[in-house]
Each structure stands twice: as structure tokens, then as C-alpha cells.
Amino acid sequence: MGNMLVFLASGTSIALYIVLPIIGLLVGAVGGVFAHYMLQKKKVGETRQIANKMIQEAIAEAQTLRKQELQKGQDEIQKLQAELFKQRADFDKEMKDRRSEAQRTEQRLLQKEEAIDKKDEILDRKIENIENTKTELAKRSAEIDAMKVEVGAAHEKMIAEIEKVSGLTRDEAKAQLIVAIEDEAKKDAAKLVREIEASAKDEADKKARDIVSQAVQRCAVDHSAEITVSVVNLPNDDMKGRIIGREGRNIRALENATGIDLIIDDTPEAVVLSGFDPVRREVARISLEKLISDGRIHPARIEETVEKTRKELDAQIKEAGESAMFEAGVYGLHPDLIKLLGRLKYRTSYGQNVLKHSLEVSHLAGIMASELGADVNIAKRAGLLHDIGKAVDHEVEGTHISIGADLAKKYKENKAIIHCIAAHHNDVEPQTVEAILVQCADAISGARPGARRESLDNYVKRLEKLESIANGFKGVEKSFAIQAGREVRIIVKPEVVDDDGTVILAKDIAKQIEKEMEYPGQIKVNVIREMRSIEYAK
């Protein structure tokens, strides 16, 4: 029993240990659920409050937005009303302007209609006047025709009376009148022509003298003649032996290198250089002077010195050509023409340096061209190049004129320049003013005092000889040597020599001059035959 009780008591304790936790759990669970329920209820209340607040805020915001949109709508309506009002005002104004323009146009049309009506009235009056005038003119024309008939009858009657009195028909009288008028007109014309020719000749001579004198005065160039040096002075006669060298090897080397003959004779302390080429002669002179100054004279040294001198002289020739070109104011020459121009520095004609002569001709021709209104550039260029053929006339066959013209063609010079070169000694007839000016400038430069080495006595004798040859022919009345002896102008007696005879006489005189005289270039023989009838009114 006691055990039983103990067991029961034990069992009850165990049950309590089991039940109590369960009850606690249940109570905790119920409390938790209640607490959760209360918490959830509280949260729901808070949420409802928040939701209500948000709804109120949304309603307030919606009302604000509604008010704003309403305000914007009202503003837009006001703007549209203002724009519509403005457009209506513009439309009203435009319509008003159009109505005004239409009124003005209508007014103008009315005025034009009135003007047209007035013109129609005036035109109708003019047409009426024209018709009246035509009628009047017809009446007058009929009267004039009647008067013409009467005048014609009176004229025929008068002519018949004149023919009866004069004993001449109408055609005969007309022929006599025409002859008389022609004779009188011819006399008056001949008199007028003589007066014009005399006046023109006087004016032309005066103008020509003025131009030539001005050109010569303005062209202030050196009148002294430059003579090519052909003699080399030696320090002593012993130097001749050194120049000749052993068995003549030095002199042969120098002659072969330069192409110039060295003449060593009894002339004390001098060696003469002989050769046709002035440039080669200048190379030989300079080379020999260098060798004498250096003292080392042998074939190798001679060849070296000659080659060096030739190069130096080529440079000097080019420089001389360029200087002459710039001094003359001529530009654009071909480089080979410039070198040929520089070679003229060592070329002389009658002792006159050809390069200086060419420059002088260029200046003179340019001055005269400017005075006459001709082409100054062509005149100066042709004057500078007119004697370019003399640079190579010892190497090329032909006269320096033909050679110069060929060189100008070769280096593409202007046709006018080529013509001036070809015509400056009348090989061809001058066709341009510039060609005549170059011809005149050449004659002035060659004929002026001191230009050439020829003495005055020889110059006068040559001109006298030229005139005496011409005067020796039958029928020659007078002869004049002009242009420094380059032309002889012959006046023949017209009753002795006819027109055909002048041609024969010119040929005979030219042949006689070729036979008896020596001269450079050519001489123009100009035979003139003229008839003069002179009467004096007393």
C-alpha cells in the first residue's frame, strides 16, 4: 500500500511535470496570439491612419493639380483669345489696305481711261488734219506739176535761144565747161600739192633735225675708240728665247692651244699676236702675260694657263653681255645671244668697239622711237642686236647682216627684230619705223666725229672717190655720198636718161664702185630722175 502510494505520488509528480509545461505553453501560446492580435490590430490602425493621411494628401494634391490645370487652361484660353484678336485685327487691317489699294487702282484706271479718251480725241483731230493736209498737198502737187511743165518749156526755149546765139549744142557746151573746170581744178590741185609738199618737207626736216639732235645730246657715251691689243710687251729680250723654248716647243704649244700666230721679230721687247678671232687673240694675250709674270714657261704650263684663261674670259664675256643688256634696258635675251653680245667687246670695226657701238645704237634708236611714238622696246632691242653677226662672222660664211638675222631667227627673236637686223644696211627694204630708226642710229653712231679710227682725210677722200665715180657717167647731174659712205644718191638729167636708163645706170655705177673701191659691208646706189616745170606769175 505504501508502495502503492509512493508509486502514485511519484506518478502524480511526473504528471505535473508533464502537464504544467504543457499548460504553460498553452498559456504562452494564447498570450502570444493575443499579443500578436493586439499588435496586428494596432498596426492595422496605424496603417489605416497612414492610408487615410495619404488619401487626404492625394486628394489635396489632386485638388491642387486640378486648380493648376484649370489655371493653365484659362491662361491658354486667354492666349488663344489674344492671338485670335490680333489675327482679326491684322485681317481687318489687311482688308482695309486692300480696299484702299483697290480704290487707288480704280482711280488710276479711271484716270487712264480719261487720258485714253483725250488721246483718242487728239488722234481723231490729227487724222482729220492729215486728211486735210493730204488734200492740200494734192492740190499743191498738181500746181507744181503744172509749173514744172511751164518751167521745162521755158528752159527748152532758153536753151534753144542759147544754142542759136552761141552756135554750140548742149553736149558741146557741157564738154567745154567740163574741160575748163578740169584744167582749173588740176592747176589748183597741183599748186596745193606743191604747197603741202613744201610745208611737209620743211616740217619733217625740222622735226627730224630736232629728234636727231636730241637723241645725240641725250646719248652721252664715250667717243674714244677702243683698239684691240695685238702686242705684248716683254720685260727684256731674253724672254723671247724662253717663249720660243727648246727647238720652238713653247711657241708651238702656245699657238696650238690658242689658234693664234706669235710673231717674234727684231722688235725690241715686244711680241706680236696675229689672228682673225679677237677672242682667241685676247686669250693668247692674257695667257702670255700670265706666263711671263709667272716665269714658268713650258708646254704643260702653257696648256694649263690657256685653259684657265679661256674659262675666265668666257665668264667675262657672259658678264659683259649681261651688263650691256641691263645698260640698254633690254631683257629676256637667250643665254647664247648674251654670250655672243659679250664677244663683241673684243670686236672692232674701223677701230670702233662693236659692243659700245651697239649700245650707242640702242640708246639712239630708243630715244628717237620715244620722240616719234614708235615701239621703244623693239627699237632698243634691235639696236643692241643689229651687229650680233659680227661676233661670229669670221667663223660663218656670209655678211654680218645675214648671219645676225639667222642668229635672231635661231634664238626665237621677234619678226620685227629680225627685220630691223636684216634692213639696217638696206639689204632688204625697211618696212617699219623701228627698222628705219635702227638704220639712222647706226649711221649716226658710225659717222659721228671720233667714233672710228679712220682719219678725217681718208674719210673725205673715200666720199670724194665715191662721188667722182658716179659723176663720171653720162647723164649724171649731181651725186651725194651720204650715211658715212654707205649710200650714194645720184640725180640724173631727165632729158638724157629715161626711166629705163636709170636702172641700167644704177647697175653700171655699182659695178664700177665694186671694181675701184674697197669698203666694208655694202654701198647703196640710189639713182633719181625727176621732171620739174617751173613758171613765174608776173
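Residues numbered from 1 in each chain as written. Predicted model: local features only at pLDDT ≥ 70, side-chain atom pairs only at ≥ 80, totals over all residues. Heavy atoms only, no water.

1. As for the pairing of strand 3 (residues 270–274)
- Note: strand 1 (residues 231–233) against strand 3, three bridges, orientation antiparallel. Among the inter-strand pairings, V231 is bridged to a residue of strand 3, identified as V272.
- Sheet analysis places strand 2 (residues 261–263) next to strand 3, joined by three bridges and oriented antiparallel. Within strand 3, the position partnered with D261 by the bridge is S274. (Pairing = 2+ DSSP bridges. Helix = DSSP H or I, 4+ residues; strand = E, 2+ residues; numbered from the N terminus.)

2. A closer look at the pattern of salt bridges
- Inspection of every chain in the model, using the stated rule, returns 16 salt bridges.
- Across the salt bridge formed by E101 and R108, the nearest N and O atoms sit 3.6 Å from each other.
- Residue classification places E101 among the partly exposed positions, given a relative accessible area of 34%.
- The partner of R301 in a salt bridge is E304, and the shortest N-O contact between them spans 3.7 Å. With R301 and E304 both in helix 6 (residues 299–328), this residue pair falls three residues apart, about one helical turn.
- Bridged by salt links that share partners, the residues D294, R296, R301 and E304 form one connected network. (Salt bridge = Lys/Arg side-chain N within 4 Å of Asp/Glu carboxyl O. Buried < 20%, exposed > 50% of the residue type's maximum accessible area, 1.4 Å probe, protein only.)

3. Side note on the pairing of strand 8 (residues 524–528)
- Of the two faces of strand 8, only one is covered, namely that formed by V525 and V527; the face formed by K524, N526 and I528 stays uncovered.
- Sheet analysis places strand 7 (residues 487–492) next to strand 8, joined by five bridges and oriented parallel. When the sheet's bridge partners are listed, I491 is paired in strand 8 with I528.

4. Observations regarding the nonpolar core
- Counting residues in hydrophobic clusters, the biggest one holds 44 residues, and the most contacted among them are L333, L340, L341, L344, L384, I388 and L407.
- Broken down by secondary-structure element, the contributors of at least two residues to this core are helix 6, helix 7 (335–343), helix 8 (354–372), helix 9 (376–385), helix 10 (400–410), helix 11 (415–423) and helix 12 (433–447).
- In terms of residue count, helix 8 provides more of this core than any other element does, eight residues in total.
- Formed by 24 residues, the second largest nonpolar core is a distinct cluster that contains M239, I243, I286 and L291. (Core = buried A, V, L, I, M, F, W, Y, C linked by side-chain atoms within 4.5 Å.)

5. Focus: unusual backbone geometry
- Positioned with a positive phi, E247 is a non-glycine residue whose angle comes to about 55 degrees.
- Counting through the fold element by element, E247 comes out in the loop between helix 3 (238–244) and helix 4 (249–258).

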